[in-house]
Amino acid sequence: VDPMYQFSLDWFILVFIDSIKVAEAKDSFDERSEELFRSFITMLYNLVCRSLFEKDKLLFSLLLAFKAQETDKQLNIVQMRCLMTGIPGTATEEQPDAPWLTSVSWARVCQLQPLGDIFDGFSESFKGQLAGWQEVFDSIFPLEVDWPANMKVRCNPLQRCLILYALRPDSLVPGLQQIVLDKLGRVFLEPPPFDLAACFQGATPSIPLVFIIASGSDPMADITRLAEGMDMLSKINPISLGQGQGPKAVKGIKDGSDPDGPGKWVLLQNCHLAPSWMPTLEGLVEKLEPDKLHPEFRLWLTACPSPAFPISVLQMGVKMTLEPPKGLRNSLNRAYLGIEEEWFETCTKPTEFKKMLFGLCFFHALILERRTFGALGWNIAYQFSEPDRDISRQQLKNFLDEFEGVPWKALNYMVAEANYGGRVTDSCDRRCISAILKDFYTPKILEEDYKFSISGTYFSPPVGNLQVYLDYIKSLPLNSAPEVFWLHNNANLTAAINEGMYNLRTGVELLGSFGGGGGGGDDDDDDVKAKKPEEIYSEIAQATVEKLPKSFDIEAVMRKYPVLYDQCLNVFLHMELGKFNRLLGKIRSTSVDLQLAVKGLVVFSPELEEVSNMFLVNKTPQAWLGVSYPCLKPLSSYVVDFLLRWKFCTNWVSNGLPSVFWFTAFFFQQAFLTGVMQNYARGTKVAIDQCIWNFTVLHPSNKDPEPPQFGAYINGLFLDGARWDEDRMVLTDSYPKVLWAEMPYIWLLPTTKAEDTKPVGKVYEAPVYKESQRKGVLSTSGHHSNMIMFIYVPCDWQSGEDEDFWTKRGVGLITQTDD
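The following refers to the structure shown. (Residues numbered from 1 in each chain as written. Predicted model: local features only at pLDDT ≥ 70, side-chain atom pairs only at ≥ 80, totals over all residues. Heavy atoms only, no water.)

## Some details on the packing of aromatic side chains
Where we set the bar: By convention, a stacked pair of Phe, Tyr or Trp rings (six-membered ring in the case of Trp) has centres within 6.5 Å and planes under 30 degrees apart, an edge-to-face pair has planes over 60 apart, and any other such pair is tilted. Numbering of helices and strands runs from the N terminus, with a helix taken as a DSSP run of H or I at least four residues long and a strand as a DSSP run of E at least two residues long. A simple rule labels every residue: compare its accessible area, found with a 1.4 Å probe on the protein chains alone, to the largest value its type can have, and call it buried under 20%, exposed over 50%, or partly exposed in between.
Enumeration over the complete set of coordinates arrives at 68 aromatic pairs. Between Phe 344 and Tyr 469, the ring centres sit 5.6 Å apart and the planes meet at 80°, which makes this aromatic pair edge-to-face. Placement of Phe 344 in helix α17 (residues 341-344) and of Tyr 469 in helix α22 (residues 466-474) is noted, with a sequence separation of 125 residues between them. With relative accessibility at 0%, the residue Tyr 469 sits in the buried group.

## Focus on helix α19 (residues 386-402)
Worth spelling out the cut-off: The span one expects for a helix is its residue count, reduced by one, times 1.5 Å. Note on definitions: a residue-residue contact is assigned when non-hydrogen atoms from the two residues lie within 4.5 Å.
In this model, α19 (17 residues) spans 24 Å end to end at C-alpha, consistent with the 24 Å of a helix rising 1.5 Å per residue. Taken together, the buried positions of α19 are Asp 388, Arg 389, Ser 392, Arg 393, Gln 395, Leu 396, Lys 397, Phe 399 and Leu 400. Where α19 is buried, its residues contact α16 (328-337), α17, α18 (350-369) and α20 (408-419).

## Some remarks on the side chain of Glu 771
Our working rule: Here Asp and Glu are counted as negative and Lys and Arg as positive; His is not counted, and neither are the chain ends. The working definition used for a salt bridge is a side-chain nitrogen of Lys or Arg within 4 Å of a carboxyl oxygen of Asp or Glu. Pairing of N or O atoms within 3.5 Å defines a polar contact, subject to two protein rules: one partner must be a possible hydrogen donor and the other a possible acceptor, and residues neighboring in sequence count only if both atoms are side-chain atoms.
Mapped onto the fold, Glu 771 is located in the loop between β14 (763-769) and β15 (787-794). Summary of buried charges: Glu 771 has no salt-bridge partner, and the nearest side chain of opposite charge, Arg 774, is 8.1 Å away. Looking at Glu 771, its side chain comes within polar contact range of the main-chain nitrogen of Gln 773, at 2.7 Å. Setting aside residues no more than four positions away along its own chain, Glu 771 makes contact with Pro 630, Leu 632, Asn 786, Ile 814 and Gln 816.

## Section: unusual backbone geometry
Of note, Lys 73 is a non-glycine position whose phi angle comes to about 55°, a positive value. For Lys 73, the position within the fold is in the loop between α3 (54-71) and α4 (77-84). Residue classification places Lys 73 among the exposed positions, given a relative accessible area of 69%. With a phi angle near 65°, Trp 486 is a residue other than glycine that sits in the positive phi range. By the secondary structure assignment, Trp 486 is in the loop between α22 and α23 (490-507). We classify Trp 486 as buried; its relative accessible area is 18%.

## Side note on the sheet that holds strand β6 (residues 660-662)
Note on sheets: strands pair through backbone hydrogen bonds, and any given pair is parallel or antiparallel. Where we set the bar: When DSSP finds at least two bridges between two strands, those strands are taken to pair. Helix axes are fitted only over the stretch in contact, all axes being lines through C-alpha atoms; the angle between N-to-C directions runs from 0 to 180 degrees.
The strand order across the open sheet built from four strands is β6-β8-β13-β7, with neighbouring strands paired in mixed fashion. In this open sheet, the two strands that pair with only one neighbour each are β6 and β7 (691-697). Between one strand axis and the next, the sheet turns by 35° as a mean value, whatever way the strands run. Pairing analysis gives three bridges linking strand β8 (residues 712-715) to strand β13 (residues 746-752), with the strands arranged antiparallel. Of the residues in β13, the one forming a bridge with Ile 714 is Ile 746.

## Looking at the pairing of strand β1 (residues 209-213)
With five of five residues buried, β1 is to be regarded as a mostly interior element. The alternating pattern of β1 places Leu 209, Phe 211 and Ile 213 and Val 210 and Ile 212 on opposite faces, both of which are buried. The pairing of β1 with strand β4 (residues 298-303) spans four bridges and is classified as parallel. Bridge pairing links Leu 209 to Trp 300 in β4. Bridging between β1 and strand β5 (residues 318-322) involves five bridges; their strand directions are parallel. Among the inter-strand pairings, Phe 211 is bridged to a residue of β5, identified as Met 320.

## Observations concerning empty space enclosed by the protein
Spelled out, the test is: For each structure, a 1 Å grid was placed over the protein atoms alone; sets of points admitting a 1.4 Å probe that cannot get out are labelled cavities, open sets with protein on both sides within 12 Å along at least five of seven lines are labelled pockets, and lining residues have an atom within 4 Å of a point. Grid points are joined across faces, edges and corners, and a volume is the space filled by probe spheres set on the points. As a working rule, the residues Ala, Val, Leu, Ile, Met, Phe, Trp, Tyr, Cys and Pro are called nonpolar, Asp, Glu, Lys and Arg charged, and the rest polar, with Gly in that last group.
If you walk through the whole model with that rule in mind, you get two cavities of 30 Å³ or more. The space that makes up the largest cavity amounts to roughly 110 Å³. Lining the largest cavity are 17 residues, with Cys 428, Cys 432, Arg 774, Thr 807 and Gly 810 positioned closest to its centre. Where the lining of the largest cavity is concerned, the elements lending two or more residues are α21 (427-437) and β14. Here the lining of the largest cavity gets four residues from one element, more than from any other, and that element is α21. Here the residues of the lining of the largest cavity are counted per class, giving nine nonpolar, four polar and four charged. One number sums up the size of the second largest cavity: a volume of about 40 Å³. Tyr 629, Pro 630, Arg 645, Thr 664, Phe 666, Phe 667, Gln 669, Lys 770, Thr 815 and Gln 816 together form the lining of the second largest cavity.

Structure representation (structure tokens):
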């Protein structure tokens, strides 16, 4: 889960012994056992939670609840594994005609039925009560409304979670919380507040205190506050690790721990920046002997998560996590509490300075919080830091003091391209951060009625002293709606789904600690019995092999579609079929060999072990992905998707060039684009470096267009963050709860630069990605591993929905959706 989450068996035993000491005495054996369990698991939860980041605390509670259920023989292993692996499988029945029900949701509903118990006949029952289930789908809080056939009451929390995952994955987190609440109680959903004084009590001169910090956090203020209360403020020796600081740190520990010295607190900061010195630190800590140390000596260590940090120090130390405050309001409050009144009041242009300073601080908070929304916020989750903000605000003051007017362009460039932009490596993210900053570093911010968002809740307050701004910040909502980030309300769904999926995807890696057995209750005969791991992945391997087609005969294809001067797509087809054969061979060989390995007929190689582990958790093996197109789908959906791509290529080979190309089907779409462009250049006798793309979105009613003379019709693209308005033929906002919208056919039309007809300012330059995660790297050929191209999509620029609007919305096109 995280390299810093290290706990030793010795520590575990000590916690168990301590929990026995504090447990209440009881008269009967059963009551005493129950009290010991309550005392131990509560103490374990409190101690472990203080060393976990916020994102992992619910997962820890969930695993505790599952383990407690298993111990009490209340856990249905099959249902639990089905939930954690994402309800794998495909639809086994015809999907009912219900626009709100997606194919993915219907496949999950079908896969619940084989679980038995409460799910016997579930798919038929579901089809007969579509109106009732639609009410559940449409509700804001699906756990608070009645479910058809009284299913909510009849299901236990785990079964309710399975239904929520099938229909409303955005409500998965409340469902997981219900599992914890039902088994362990509310205390396991309310992590204890950070208490440094209590943590300090668990440390000794030989046991270090370790701060596991997130980017943007600094424990120095908390340590200083504790030192003041213990009269140790003058005895803190902070040492920031880095190149050449090792000897200084060794001397600091030696002097601070000297029993004849004053006894100091030695604070080694940023240990992750000195990985080569970590073995030395490990040796120093292991040599700390309690009877040879000053009683007031303490060793404090701070580090971001790093695999180089010594495991022994993590296991024996008192670990604490520290994260920066989350939310716009908290971030703004932190920024203004760190500003000195004298500095704040000494600018030669006070009105411009105070207005723009608030805009800068708001910009900093906003770009940090956009990370919550995944790829809609940023393609890459950048670690913007407080020093970025501090240097920008100092530059703002200097520029205003030294220039006669306000140098808007210079300030925009310094912040968006240098101070913050220096961290931004993705070109689309760079475009986005520039568009966002223009809302704050603009002459409009000096106007009293200028608002930062459509709701009008956020603005730069009237000019005043520091307290005026702090009071305004306190009046802001604690939780910000997506509109303040210029995102659609569906972005909240994306964030909620991402949180729930993170818990499942991370938790599924830890399922090895759970045993077998149906264990659903008293009627074990009615439950589906859990299979052994080797039975599970053998069946998956066999089912996969049975679905696989024969390899393409590349030589026959080359005879049918030879290399031609005027048809460059023939060469592209040869290349694609070679890649498909390679992937097919890897899927077939690993699946067949895995079955043989289970029988003991071949050696269980590391590759086969990885494949078997991935089969168990419904993930696509890395052995396949190494020769595959980028794909984020789980294993069961990946195989179906692969066969659909294969079918498209088979139809091409059998029937000739298709009139519409399924853009998703290809390994390397850039080669397809090159082939289409070369056909145009050779057909018109134009140099290819003079050719560019124009784009035309066809009306959705045009389902069977004739092949164009030049260019190509493509389909298979999905809009992420918006939808296509077929009446106005422009981009528009998404429907509620619809995260991806299918795009109509698009005509990729090559033309020359001199004949370019793109309406500048009236289109949105939409990036096209292979998958929804969007991030990637540039290869040695100059191509991006994920982004394919830009497609210019018409937008309603007259109503304000111009290119900057959709850029801030995070809108992009993807060739495939996730499950």
